[in-house]
Each structure stands twice: as structure tokens, then as C-alpha cells.
Amino acid sequence: MTERLLSVDGLRVSFRTRDGDNQAVRGVSFHIDAGETVGIVGESGSGKSVTAKAIMSLIQPPGEIIAGSIEFRGERLNDLPEKTWRKLRGNRISMVFQDPMTSLNPVKRIGDQMTEVIRRHRGLKADEALAEAIRLLREVGIADPERRVRQYPHEFSGGMRQRVMIAMALSCSPELLIADEPTTALDVTIQAQILELFKQLKANPDTAVALITHDLGVVAQVCTRVIVMYGGMIMEEGTVEDIFYRAQHPYTLGLLRSVPKRAGGGRERLIAIEGTPPDLLDPPPGCPFMERCPHAMAKCAELPPMFHIGPGHRSLCWLAEDDHPPEKSASGDVRHKEATL
Amino acid sequence: MSNDSKILVDVRNLKKHFVKSKDLLGRPSGVLKAVDGVSFQIRQGETFGLVGESGSGKSTVGRCLLRLYDYTAGEVRFDGQNISSLDEKQLKPFRRKIQSIFQDPYSSLNPGMNVLELIGEPMNIHGLYSGDERKEAVAALLERVGLKREHLYRYPHEFSGGQRQRISIARALSVRPDFVVCDEPISALDVSVQAQVVNMLEDLQAEFGLTYLFIAHDLSMVRHISDRIGVMYKGRLVEVADSDELYDNPLHPYTQALLSAIPVPDPHAVSERIVWTDAIAEGEAHELREVSPGHFVALP
């Protein structure tokens, strides 16, 4: 039996703007088990990064968590005082951001930045922490780490900085690593090196990874389970095989079809998803994908429940209604209950 | 693309060096060779893809073709005419025929201009249409790129990224160009919107007989849209071939490394990454040689 590490239940996050509330996350429920690698896929505005920030308690005004609970090893994380959070964040849960240029302090040596984290969370002495920093840098594939720890961020390339960030995030052996688009700003050959690191992490049973990305290729290569988000909601969830070979939701299918096939070549026309993502200031009451969906029907004006497709595979789409039962929502996700009534 | 159509763009030994620093007497002491001897031809109606990683010089090549930069050496012939040394006045007709679409649809449109002004501006500069006639032409173009006539008096901030890129495309096409330099035109767009824009670029190419230089780092999209592809590394072309040939039979180790690094959207795909660490030292670079018809590679 796998251990439940993180449970997110009915999460809603809104940002107050002059034009009204931007409902970035609108009732998201999922879990991550110890040691697994879960991909959270979505385009900009899908709510994937905001969900990650909510888990890390990094939502700042005008943003606000307006509903839902986040539990880590059975302990409720919302409303924890910031002091408690500081012990948790970077220690048991850590995060890597997209842009390694802005996440490092430009006027501090790499070694000093790393040892600061290690000393704070692990209580090591300065020389022990430095030795640990060198070991971690070597582990993420940085050559000559003894010399590198004395250098400044500008002396590192983009890919190396991202590796430093990952080394720092791993320095306290976190139980959960959240990586938000960790390779998006990098060249493809550098991305491949970072993905190798994530593949190694996948084999590590002590660290679970939530990998947030818009790149289906990255997900296919690195993840065991996938959560597909759109318009602030989860559209479909399943194993990588479920998502890549047995996708049910028209949005997932649309995404998979819109990328050119590598094999076969040819100039056949791409199958595009017409239209644009919904405006989250005034989101549609029903399925967020309805407006762009080739299968849209009258019923879609009403939000479907999550349908249970198979073990761990669920889809938020009325098309699944005839063949699959709705999920018993254990959560307080009231809208889903209302929708099924 | 048939091989007998005429060569529209002919780039010969193009070099663009940037002076990084100067010594006391103002002589250049540090030089960045962004583009260092690049030659290729693009035939009429063809899409030539230029790929490479950041710093490879691919965007600099695009900017040289647009004469946004004056180049250090080499020449560019457009439709048989050498445009390398023309002054701004002589260049003007070519400025109409050669248009561009850039990556970031947020910074490439003036936020203070409405759609009619944005798309009408190039027409104004090149003296095409006026008054109501121009408005009609702009509205027709808008509809052609999938927007509506009602959008004429809206401002860029009212549009999504994909829609802004459509406006950029309409703006580029407003003066009926022959050749469009597309520099990462879809990189900033959402995945679900990229395919729309690529399809539209292909439709417009067929309709107006356009020739494209398509610069990108997304290798799978480049393969889809390009007839031929050039791979750049450190300011030089290391391989040029028909796109399928390049992907099926890459010969240069750098091309092999680049292609093998693409994450395939298939969890069962067995891919072995080829790592290439053997960086080409300066001065050691090799010339492109034709190894099979149309397939050029720079190897010793």
C-alpha cells in the first residue's frame, strides 16, 4: 500500500483584480503518494502554477485561497502559521521555479547560498555543509564542484543554474519536490540533461515529485501519473498510459493531436483546437472546454462530475456518462454533488 | 517543393560580428562572432527552417536578412539583386517585400495603436491604399487571419497572445510581401493555440505564394512546417537537408544530439540520447559539403 503524501481537496484560489475576481483555481482535488512522480499539465491560465503555489503557501494578496484543504501527511497545511511553514518549506517540501536566473542571489557565491539552506534546516557546521554542497553539486552533474562553490551565479550557464536550484531543493531530502516548468527556459539539449535528473528522482522512493509543465513530451518521458488541467479545473487524471493511449477527455485528445508527430513526417495538416481558453474573470458555469469542444452538447452547460474510467483514471466530461459511473466525491467539492443531483 | 523554382533569397558567406569591448585607442579587443560564414538559398514558395540553441546565431541571421543589422561581411541577394550595400532609400522597396513576425506578440505591437492603425501603418509607409479603401483592406485581412471586423478599433491589450500573433501576421501581410522572416512565431503561444497559427501560416503561404524563413527551437514544429532545414551551431551551419531527410538521417553529431534530445510525447518510446560534447573550436570549423543530393554537412 502506497503512502498518501499530499491531498488537495476542493481547492479554490482567486485573485482580486480591478475588473473582478480572477478565479484561477476552481475546485481542484488530487493526491500525490510518497515517492511518485506526477505531471501536472496545462497551458497558461489553466491554474497549474497557482495550485503549486497554494501547496507551498506562497499565494500572496491580492490572491487568496477561498476554499478547500491541503493536507501533507495527514496534517492540514492551510492556516499553518508562517513560522511553522518556514520549517516545512525548503525542508520537507521544496520547489524549483522556471527561471533559474532570478531565483539565485546574484551577489552571493553559489556555495554560500547552498550552505545557508543546509545549515538552517539540517544544523550542520559550516565545513560539513560545504562538503555536503559539493557532494550535491556533483550529484546533479556539475563538474569540478570544489571550484564551482566559490563562483557566483553569473559564472554559471542557464542549465547549470537550474541544476544548482535542483541541488538546493534536494539538499534537505524533501518528501515532496514541486518543479514548476523547470526546463521551459532551457535549450533542448540542456533540458534533456535536467530530465535525466528527474528520471533518477523518479527511482528514489523517498522523494515525490510534482512536475508542472505544458510539454507533453516531458510528461511522457518522466512521469508515472498525469493530471491535465484547463480553465482552473482538472479535466482528466490517470497514469501516463491512461493519458497517452486511452485518453477520454476531448481536451486531452485535442492536446495530444495538436502536436506534430515525429514519426512518419509528411506535411499533413495539424489538428488544431479552435478558439481560446476561457476568461477566468467570468468563467462559464459548465464545462470550461465546452466552447472549444468538438463534442459539445446542451448538457455541457452544466458542470459534469468526475467520471470513474478505471482505477486512478477519471475524466470530467459528460461523454463518459453512459459507460462510467460518477466518482463518489469524498471531498467537499459541493458543485460536483450538485451537478450529479 | 520543386527544385526548379527560382532562388528568391541567396545568402553568401554571411558574417555578423559584434564588438564586445574596445581598447584604449578604440580598436575592438573582444569580438563576438554571432554569425560566422553562413550560406544558404531559399527557393520561391519554400519554407526554410533554421534551428539551433540559444546563442547559435539563428535570430541574428534573420535580423541580417531584414537588414535590421548591417553585416560584417558576406552578401544577401534578394530576387537576384544584392541588397547588402543598399542605403535606406534604395532599400525601401525591399522593406515592403521582406516582412517579419517576431516571437513576442506582447512587445511587438504598439499598445497605443488600435488594430486599424497597427495593420494600416505599413500600408501608410509604403503608400498602399488610403481612406476607406484601406479600412476595407485591413478588415479583409483581419477576417483572413481569423479575427473579426469588430476588432478594428480595439487595442492590443484586449487580445489574447494567439490573437495578437494573428494581428502581427496581418500586419506583416498588409503590404503583400514575397518573403517573411518568422522568428520563433509560436514559442510564446499556448500549446493548444500553436497549431492554429501554424495551420494559418501554411494556408497563407499557399494563398499568397509566400516564402518563409522559419526560425525556431521547437524541433518538432520546425519539421512539420519546413521543406528544408538548416542546423546552426556557434554561428555556423553544420547541416542542411530536406526536413524528413534531416530527421531520418542526421549526419552531423550535433544534429544527432539535438534531435535525440527532443522529449517524445509517447511514454513507451524508446529513445537513446546521443550526447555530443566535442565542441568545435574556433578556426576548426569545416565547410558544408554535399554528401547526397541536397544534403549538406560540415564534417572533416
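Rules behind the numbers
Residues numbered from 1 in each chain as written. Chains lettered and ligands numbered in written order. Predicted model: local features only at pLDDT ≥ 70, side-chain atom pairs only at ≥ 80, totals over all residues. Heavy atoms only, no water. UniProt positions renumbered as here; feature names shortened; annotations may be inferred. Phe/Tyr/Trp six-rings, centres within 6.5 Å; stacked < 30°, edge-to-face > 60°. Lys NZ or Arg CZ within 6 Å of the ring centre and 35° of its normal. pLDDT = per-residue confidence, 0-100. Contact = heavy atoms within 4.5 Å. Helix = DSSP H or I, 4+ residues; strand = E, 2+ residues; numbered from the N terminus. Axes fitted to C-alpha atoms, helices over the stretch in contact; angles between N-to-C directions. Parallel < 35°, antiparallel > 145°, perpendicular 65-115°, else oblique. Left-handed = near helix turned anticlockwise from the far one by under 90°. Nonpolar A, V, L, I, M, F, W, Y, C, P; charged D, E, K, R; others polar.

- Looking up chain B in an unreviewed UniProt entry gives the name ABC transporter ATP-binding protein, with the organism given as Cohnella endophytica.
- Listed under Sequence similarities (unreviewed entry) in UniProt, the entry text for chain B is "Belongs to the ABC transporter superfamily."

- You'll find chain A entered in an unreviewed UniProt entry as ABC transporter ATP-binding protein, with Cohnella endophytica given as the organism.
- Checking UniProt for chain A, the heading Subcellular location (unreviewed entry) contains the comment "Cell membrane".

## Things to note about the packing of aromatic side chains
Residues and elements named next belong to chain A.
So, point 1. Applying the stated criterion across every chain, the model contains nine aromatic pairs over all chains.
So, point 2. Every member of this aromatic cluster is reached through a ring pair, and the members are Tyr230, Tyr251 and Phe289.
So, point 3. Lying over the aromatic face of Phe156, Arg148 brings its terminal NZ or CZ to 4.9 Å of the ring centre.
So, point 4. Lys299 extends its terminal NZ or CZ atom over the ring of Trp318, reaching a point 4.5 Å from the ring centre.

## Examining the confidence of the model for chain A
So, point 1. For chain A, per-residue confidence averages 88 on the pLDDT scale, and residues scoring 70 or more make up 94% of the total.
So, point 2. Every residue in residues 330–341 of chain A scores below 50 in pLDDT, and together they form 22 contacts with partners more than four places removed in sequence or on other chains.

## Observations concerning the environment of Tyr247 of chain B
Residue and element names in this part refer to chain B.
So, point 1. Residue placement: Tyr247 occurs in helix H8 (residues 243–248).
So, point 2. Linking Tyr247 and Ser220, residues 27 residues apart in sequence, is a C-alpha distance of 9.6 Å.
So, point 3. For Tyr247, the residues in contact, after removing those within four places along its chain, are Leu219, Ser220, Val222, Arg223, Ile229, Leu259 and Ile262.

## Looking at the UniProt feature "domain: ABC transporter" (unreviewed entry) in chain B
So, point 1. With numbering aligned to this structure, UniProt lists the feature "domain: ABC transporter" (unreviewed entry) at residues 19–259 of chain B.
So, point 2. Between the first and last C-alpha atoms of residues 19–259 of chain B the distance is 32 Å; the span itself is 39% helix and 25% strand.

## Observations concerning the packing of helix H5 (residues 161–173) of chain B against helix H6 (residues 191–208) of chain B
Residue and element names in this part refer to chain B.
So, point 1. Close contact between H5 and H6 brings their axes to 10 Å; oriented N to C, the two are set at 15°. The orientation of H5 relative to H6 falls into the category roughly parallel. Regarding H5 and H6, the two cross each other, and that crossing is right-handed. Between H5 and H6, the residues in contact are Gly162, Arg166, Ile169 and Leu173 and Val193, Gln196, Val197, Met200, Leu201, Leu204 and Phe208, respectively.
So, point 2. Here the contact of H5 with H6 is composed, by residue class, of eight nonpolar, two polar and one charged.

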